[in-house]
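# Summary of structural features
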Amino acid sequence: MIDFLKPAPDAEEKIPAENVTRLYKIWQVRVLISTSIVYIGYYIIRLIFTIQQNDISKVYGFSMGQIGTILSMFGIGYGISKLIMGTLADRANPNRYVATGLIVSSILNALYGATESFRMILFLMFLNSIMQGMGAAACQRLISLWFGRKGIGSIMARGTAFSIWSSAHNAGAFMCVAVINLSALLFGASLRWSFWTASIVSIAIAVLVLILGSDRPSTRGLPTIEDYTDDKVVVKDGEVVEGEVSTESVFKIFFEYIVKNKLIWAVILASLSIYVVRYGIMSWMPNYLVHVKGFENSTAKWLTGIFELAAVPGVIIIGFITDLLKGRRAIMVLISLIAMLVCLVTYFAATDHTLIIVILLIMGTFIYAPATIVGLMVNEAVPKFANGMSTGTMGFCQYIIGEVIATLVIGWLVEAYGWYAGNIVVYFFATVAILASIYILIHQNRNYKKIDKKESHSMK
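Residues numbered from 1 in each chain as written. Predicted model: local features only at pLDDT ≥ 70, side-chain atom pairs only at ≥ 80, totals over all residues. Heavy atoms only, no water.

### Comments concerning the packing of helix α9 (residues 168-187) against helix α15 (residues 297-309)
Our working rule: Geometry is summarised by axes, namely lines fitted to C-alpha atoms with helices restricted to the contacting stretch, and by angles between N-to-C directions that run from 0 to 180 degrees. Comment: elements are numbered from the N terminus, with helices defined as DSSP H or I runs of at least four residues and strands as E runs of at least two. Note that the term roughly parallel is reserved for angles under 35 degrees, roughly antiparallel for angles over 145, roughly perpendicular for angles of 65 to 115, and oblique for everything else. Handedness of a crossing is defined here by the sense of rotation of the near helix relative to the far one, left-handed for an anticlockwise turn of less than a right angle and right-handed for a clockwise turn. When checking whether two residues touch, look at their non-hydrogen atoms; a contact exists if any pair is within 4.5 Å.
Two elements in contact, α9 and α15, have axes separated by 7 Å at closest approach and are oriented at 155 degrees. In this view, α9 runs roughly antiparallel relative to α15, as classed from their interaxial angle. At the point where α9 passes α15, the crossing takes the left-handed sense. Two secondary-structure elements touch here, α9 through His 169, Asn 170, Ala 171, Ala 173, Phe 174, Val 177 and Asn 181 and α15 through Lys 301, Trp 302, Gly 305, Ile 306, Glu 308 and Leu 309.

As structure tokens, then:
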């Protein structure tokens, strides 16, 4: 297994120059498709417990506090896993790595249907969260390895590619609802079969990804993205660092490019705050819509999926706009977060079902677009040999702090004081995200002015 996950060696023969552009574009399409569909599989597994929470409460007899505890266990395990598994992704074959994680995660998910024990499900959720940590870091590394900031000679620039990939988790949430309904159609209203059907579908996806995807461009005889598009990585105070792999120790890379990087920590603060909002809305949506807004349970499930799916076009468009802005992505983060705050106020205050549905169709874009863009920005602020590490560090904070607040803290606050207390938590972190994005905007503009000057001098 260890050998299976090791990075593939560089190809012995280089692709002739006249064929490089054509083959680069072919492999970019394959990598984008494989990373997108594998992440759909990850989210089918990740969200099935969340979407089925009302049925689980009835069948297993769990309270809202217990449901929140189980969901928070995923956040704790996933946060730890993203830090560790993200670092390992930098030193693995990312395509095989991401597929292996999905297969094992699917097997663990199937076990949810074999027990009604709160403690056992809590333990299985923790194990599953560890395997889920193999997903995002490997996918983000692949996008960074195959797509450049400027998109020269490519099917698209990195911001657009990253947005398409990131939107896969929105599609995955919708697919999760579809899989639940497919299970009901085939096997009746069986909670156990909903878990088993999701696992079967996701394992099939993982096998397809092993066939379709790839390791680094150099393993295909192609030049690195840095050589191919003159892609530059700007870190810290305008320093340019190149290279896809590094022989330096993990601790040295972490201290030099993560700990000492102020921009990284500002992006992480914005990201974990957005995650409180994201999971504070999405994790509790089936419950909130039924018990506060008066929707039917089946309608609430579909609205959870539609909320995610409706965000896809907007996320991709906003990602494309950040490419048009030549990688200056922070301005779109700020605009999206302000729009998100307006949507939150309306969502919490509205009583009309039509208005609530309209807001849900709009709000997803302004939550997931900034969440996506900061995920790309944390990769662009470090060398490519630290992409997994930067993703993992941010993920650790997103889930250990962000999702735990959004699930465990909000769950018990709502049980003790009502939904108004949960709403206050969401408002607070929405404000923190806006303030952090202002700092990032100032810092990012300063860095890119330096690199633009260097590029203009080199052209002369």
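The rest of the description comes next.
### Considerations on the pattern of salt bridges
Stated precisely, the cut-off is as follows: The rule for a salt bridge is simple: a side-chain nitrogen of Lys or Arg has to be within 4 Å of a carboxyl oxygen of Asp or Glu. Each residue's exposure class comes from its accessible area (1.4 Å probe, protein chains only) as a fraction of the maximum for that residue type: buried when under 20%, exposed when over 50%, partly exposed otherwise.
Taken as a whole and assessed by the stated rule, the structure comprises six salt bridges. Between Arg 216 and Asp 10 there is a salt bridge; the shortest N-O distance is 2.7 Å. With Arg 216 in the loop between α10 (191-212) and α11 (225-229) and Asp 10 in the loop between α1 (2-5) and α2 (17-51), the pair connects residues that are 206 residues apart, well separated along the chain. For Arg 216, a relative accessible area of 9% puts it in the buried group.

### Looking at the nonpolar core
What counts is decided by this rule: The definition of a nonpolar core used throughout is a set of buried Ala, Val, Leu, Ile, Met, Phe, Trp, Tyr and Cys residues joined through side-chain atoms within 4.5 Å.
In this structure, Tyr 347 and Met 363 are the most contacted members of the largest nonpolar core, which totals 143 residues. A per-element tally of this core places α2 first, with 16 residues. In this structure Tyr 347 touches Ile 281, Met 285, Tyr 288, Leu 289, Lys 293, Ile 356, Ile 359, Leu 360 and Met 363, once residues within four positions along its chain are discounted.

The analysis is restricted to geometry; functional conclusions fall outside its scope.
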